[in-house]
Amino acid sequence: MAKGLIKTLQWGVSLARNALITGRPFLLYLKPTARCNLRCDCCNRWQSEDGPAEELTLENINQLLGKFWKAGCRVLTLWGGEPTLRSDLSDILSAAKAIGFRTAMCTNSYLLPRHGEAILPQLDVLLCSLDGYGSKHDELRGTPGLFDRVVESIELCTAYPSCHPKIWASIQRDTVDQVDDLAYLAQRLGVGIEFFPISLIAGYNDEIVPPAGHLETAFGRVIELKRKGLPITNPDRALQIMRTGASFSCNFPQIAISVDHRGEVYTCEDPAGNQLHGWGDHQQFEPGEVFSSPEWRQVVTHLKQCNLCRLPCMVELSGSIMRGLASAFVSRKLWRSWLPSGG
Ligand SMILES: C[S@@+](CC[C@H](N)C(=O)[O-])C[C@H]1O[C@@H](n2cnc3c(N)ncnc32)[C@H](O)[C@@H]1O
Ligand code: SF4
Ligand code: SF4
């Protein structure tokens, strides 16, 4: 117990050091694969032609995790593509846990009922994507039965108390009126839910992007439901930005660093998956040198006004980093999802 507490405190202090003192990334976003098993209406990433031969090996991943840990990264988020398509996913996660990372994964949940036993014990936070309620979700993701698999995956987590599932619910043109259904679903399942608007990928998802008026209505309702006590975990400030479309000062390029399935290090990407600033291959990447370089400072400053995406992680830690972290630590639900499980 005391050992777990000391480990947690050390982890929190080193995260705060990077977040608030050195101003360097503490979040590492890794795509273990670009492959995807779905063809969603909102997202074009399934069009990547890269297969397993183009992907980082487990050994490469182990090496880069060690490098970024030394540089102060403390939270690893896996996404993609669909991370559950990696057959060695549980090895990747256990390597990250052994180093000390708090682990999170964003998934479409299709494969989780089958592989959850190997994956869920290694995760601190499971972000389950939902684009709509019931058959609407299945329709938007072209996959009958997918909604039920998401629900089953969340229920499976109850067997793994250190894994905290959360729903990541996109708002699309056709799902503006499903906010209540999704929020009450989260309440029934006993999990948190975060809403966000789908961003435009020009020429791909133009028809499903909700117009400003729809967002005003949908996020107005989200705010009302949060006030009523539904388990909506977006901070109020983030909900107001999403409701009004107000611009925000993006800290993501300062607090996060990304690595794609090929091992290319980059700052972040736009909704279509275009990398905004590439830093070269992970093997040549020297975090200490890059994070203290004038080029990195310039990129971080320049991208503050970018506003191309509005995923919860970008909006919630925008503006004052101190305030963003404080709100995460004040909210019990967010606190649980930020801290590593003790032990
Ligand atoms: C690109 S997916 C990768 C992880 C996994 N395949 C999944 O679907 O959760 C990561 C997140 O981006 C969201 N997303 C996809 N297309 C988007 C878009 N056009 N705008 C905003 N978010 C989007 C998904 O709903 C998901 O929550
Ligand atoms: S949202 Fe996820 S599941 Fe859907 S196409 Fe994109 S990467 Fe694949
Ligand atoms: S808003 Fe722009 S700078 Fe910020 S994370 Fe999104 S793409 Fe990157």
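Computed from a predicted structure; not experimentally measured.

A. Structural context of the confidence of the model for the protein chain. Here the protein chain averages 91 in pLDDT, and 92% of its residues register 70 or above. Confidence drops under a pLDDT of 50 for residues 338-343, and excluding neighbours within four residues, the segment shows 14 contacts in the predicted structure.

B. Highlighting the site of ligand 2. Taken together, Cys36, Leu38, Cys40, Cys43, Arg45, Trp46, Gly80, Gly81, Glu82 and Asn108 are the residues near ligand 2. Residues belonging to the shell around ligand 2 are distributed by class as follows: 5 nonpolar, 3 polar and 2 charged.

C. Up close: the sheet that holds strand β9 (residues 278-281). An order of β6-β5-β4-β3-β2-β1-β7-β8-β9 is seen for the 9 strands of this open sheet, with the pairing classed as mixed. Each end of this open sheet is capped by a strand with a single partner; those strands are β6 (192-197) and β9. With strand direction ignored, the average angle separating the axes of adjacent strands in the sheet is 20°. Alignment of strand β7 (residues 256-259) against strand β8 (residues 264-266), held across 2 bridges, turns out to be antiparallel. Looking at the pairing, Ser258 lines up with Tyr266 of β8. In the packing of helix α7 (residues 179-189) onto the sheet, contacts are made with β4 (125-130), β5 (164-171) and β6, and the angle to β6 comes to roughly 155°.

D. Quick look at the environment of Trp46. Note that Trp46 resides in the loop between β1 (27-30) and α2 (58-70). Trp46 sits 36 residues away from Glu82 along the chain, and the two C-alpha atoms are 8.8 Å apart. Ignoring anything within four residues of it in the chain, the contact list for Trp46 reads Cys36, Leu38 and Arg39.

E. Molecular detail of the nonpolar core. In this structure, Leu28, Ile167, Leu182 and Ile193 are the most contacted members of the largest nonpolar core, which totals 79 residues. Here Leu28 is in contact with Phe68, Cys73, Val75, Leu76 and Ile257, once residues within four sequence places are set aside.

F. Fine view of the environment of Arg243. The topology assignment puts Arg243 in helix α9 (residues 236-244). The exposure class assigned to Arg243 is partly exposed, which follows from the 19 C-beta atoms found within 10 Å. The spacing of Arg243 and Val222 is 21 residues in sequence and 9.2 Å in space, taken between C-alpha atoms. Residue contacts for Arg243: discarding those within four places in its chain leaves Leu215, Glu216, Phe219, Gly220 and Ile223.

G. Broad picture of the pairing of strand β2 (residues 75-78). Covered by surrounding structure in β2 are Val75 and Thr77 together with Leu76 and Leu78, the residues of both alternating faces. Pairing between β1 and β2: 4 bridges, direction parallel. Paired with Leu27 across the two strands is Val75, which belongs to β2. Viewed along the sheet, the connection from β1 through α2 into β2 turns out right-handed. Looking at chain direction, β2 and strand β3 (residues 102-107) are connected through 4 bridges and run parallel. When the sheet's bridge partners are listed, Leu78 is paired in β3 with Met105.

H. Inspection of unusual backbone geometry at higher detail. Even without a glycine there, the phi angle at Ser109 is positive, about 75°. One can find Ser109 in the loop between β3 and α4 (112-119). Here Ser109 falls in the buried class, since 25 other C-beta atoms lie within 10 Å of it.

So, how was this worked out
Numbering of residues starts from 1 in each chain and follows the order in which that chain's sequence is written. Here the convention is simple: chains get letters from A, ligands get numbers from 1, in the order in which they are written. Only residues with pLDDT of 70 or above have their local features reported here, since the model is predicted, and side-chain atom pairs are shown and tallied only from 80 upward, although totals for entire chains, interfaces and linings are computed over all residues. Per-residue confidence from the predictor is reported as pLDDT, which spans 0 to 100. Once C-beta atoms are placed from the backbone, any two residues with those atoms within 7 Å are in contact. Being near a molecule or strand means, for a residue, that its backbone-placed C-beta atom lies within 6 Å of it. Residue polarity is assigned by list, with Asp, Glu, Lys and Arg as charged and Ala, Val, Leu, Ile, Met, Phe, Trp, Tyr, Cys and Pro as nonpolar; anything else, Gly included, falls into the polar class. Any two strands with at least two DSSP bridges between them are considered paired. Runs of H or I in DSSP of at least four residues are treated as helices and runs of E of at least two as strands, each being numbered from the N terminus. Under this scheme, a helix contributes an axis fitted over its contacting stretch, all axes are lines through C-alpha atoms, and angles between N-to-C directions fall in the 0 to 180 degree range. Here a nonpolar core is just a set of buried residues of the types Ala, Val, Leu, Ile, Met, Phe, Trp, Tyr and Cys, joined wherever their C-beta atoms sit within 7 Å. In this scheme every C-beta is placed from the backbone, and a residue whose C-beta has 20 or more other C-beta atoms within 10 Å is buried, one with 12 or fewer is exposed, and one in between is partly exposed. The path from the first strand over the helix to the second decides the hand: if it runs clockwise while the strands point away from the viewer, the crossover is right-handed.

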